[in-house]
Amino acid sequence: MESKAILYHSNKEHECKKFISLSDYLIVSENNKDDIWLGKGMYFWDNRGNVDWWNRKQMKKHPQDRFSIVVANVNLDRLLDLTDIEIYKKLEEVWNAICKKAKLDSNRPLGNKLDYLLDIENYSIVYSVIKVYGKYNYVSDDGIFKFDYRTMKAEPTIGVKCIYNVRNAECIIEKEYGDKEE
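Residues numbered from 1 in each chain as written. Predicted model: local features only at pLDDT ≥ 70, side-chain atom pairs only at ≥ 80, totals over all residues. Heavy atoms only, no water.

1. Focus on the pairing of strand S5 (residues 129-135)
Piece 1. The buried count for S5 comes to 5 of 7 residues, which makes it a mostly enclosed element.
Piece 2. Where strand S4 (residues 79-81) lies against S5, 3 bridges are found, and the strand directions are parallel. Bridging across to S5, Asp81 finds its partner in Lys131.
Piece 3. Looking at chain direction, S5 and strand S6 (residues 160-166) are connected through 7 bridges and run antiparallel. From the neighbouring strand, Ile130 faces S6, where its bridge partner is Asn165. (Buried < 20%, exposed > 50% of the residue type's maximum accessible area, 1.4 Å probe, protein only. Helix = DSSP H or I, 4+ residues; strand = E, 2+ residues; numbered from the N terminus. Pairing = 2+ DSSP bridges.)

2. Points about the side chain of Glu15
Piece 1. As for its placement among the helices and strands, Glu15 is situated in helix H1 (residues 13-21).
Piece 2. For the buried Glu15, no salt bridge is present, and the opposite-charge side chain at shortest range is Lys18, 5.6 Å distant.
Piece 3. A distance of 2.3 Å separates polar atoms of two side chains, one belonging to Glu15 and the other to Tyr25.
Piece 4. When residues no more than four places from it in sequence are discounted, the contact partners of Glu15 are Tyr25 and Ile27. (Lys, Arg positive; Asp, Glu negative; His and termini not counted. Salt bridge = Lys/Arg side-chain N within 4 Å of Asp/Glu carboxyl O. Polar contact = N/O pair within 3.5 Å; in protein donor to acceptor, adjacent residues only side chain to side chain. Contact = heavy atoms within 4.5 Å.)

3. Topic: the packing of aromatic side chains
Piece 1. Considering all chains together, one arrives at 9 aromatic pairs under this definition.
Piece 2. Here the aromatic rings of Trp45 and Trp53 are separated by 5.8 Å at their centres, their planes lie at 85°, and the arrangement is edge-to-face.
Piece 3. Classification of Trp45 as buried rests on a relative accessible area of 7%.
Piece 4. According to the relative accessible area criterion, Trp53 is partly exposed, its value standing at 30%.
Piece 5. Relative to Tyr116, the ring of Trp95 has its centre 5.8 Å away and its plane inclined at 80°; by these criteria the two rings are edge-to-face. Here Trp95, found in helix H3 (residues 85-102), pairs with Tyr116, found in helix H4 (residues 110-120); they are 21 residues apart in sequence, far enough to count as distant.
Piece 6. For Tyr116, a relative accessible area of 15% translates into the label buried.
Piece 7. Ring-pair connections join several aromatic residues into one group, and the members of that group are Trp37, Trp45, Trp53, Trp54 and Tyr136.
Piece 8. A cation over an aromatic ring shows up here: Lys175 above the ring of Phe19, its NZ or CZ 4.3 Å from the ring centre. (Phe/Tyr/Trp six-rings, centres within 6.5 Å; stacked < 30°, edge-to-face > 60°. Lys NZ or Arg CZ within 6 Å of the ring centre and 35° of its normal.)

4. Examining the environment of Arg48
Piece 1. With respect to the helices and strands, Arg48 occurs in helix H2 (residues 48-61).
Piece 2. For Arg48, a relative accessible area of 31% gives the class partly exposed.
Piece 3. Excluding anything up to four places from it in sequence, Arg48 contacts Tyr8, Ile69, Gly178 and Asp179.
Piece 4. Here the side chain of Arg48 touches Gly178 through a polar contact of 2.3 Å, landing on its backbone oxygen.

5. Here's the deal with the side chain of Asn75
Piece 1. On the secondary structure map, Asn75 appears in strand S3 (residues 67-75).
Piece 2. There is a polar contact of 2.7 Å between the side chain of Asn75 and the side chain of Glu2.
Piece 3. Beyond its immediate sequence surroundings of up to four residues, Asn75 is in contact with Glu2, Ser3, Lys4, Val129, Cys171 and Ile173.

6. So, unusual backbone geometry
Piece 1. With phi around 55°, Lys103 is a residue other than glycine that occupies positive phi space.
Piece 2. For Lys103, the location among the structural elements is in the loop between H3 and H4.
Piece 3. For Lys103, a relative accessible area of 76% puts it in the exposed group.
Piece 4. A positive phi angle, close to 60°, is found at Asn122, a residue other than glycine.

None of this, on its own, says anything about what the molecule does.
Shown next, in the form of structure tokens:
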């Protein structure tokens, strides 16, 4: 059975137009924090509220640019799911073994590790999409439930966001604009 997800991306309008019009084009992130996230690739949010938040943040940061939102139906059959505790732990074992064999410093940010594994070690043959949770500390708790970042108890929160990184355009089944008609 094919696993799929509807994912959302915000970017400069001209980049979104190129993404929609070209079948093999990804808007590869050039964010200087990609090394601590998921490395190179096209980043997506898992819901409309998160992409709207990111879109507003980018428009405020770059008022001279025009931004759009795109929606993609993504095949997840080749997903590296870093939200799965077993995969999270196993990948660390694999990473340490590779570093020992290749005499590399294993102490690198996550994005650098993933870039090495997918580009140098050819894990891109197996994985096209990476999924992770990101912690965002300053999310409003004025919704249907309250949460406290300072407590260690398990509780519902919206301070954790699900982020996907698509590294191969072939896993994008369909795509369209997610904001006004273009």
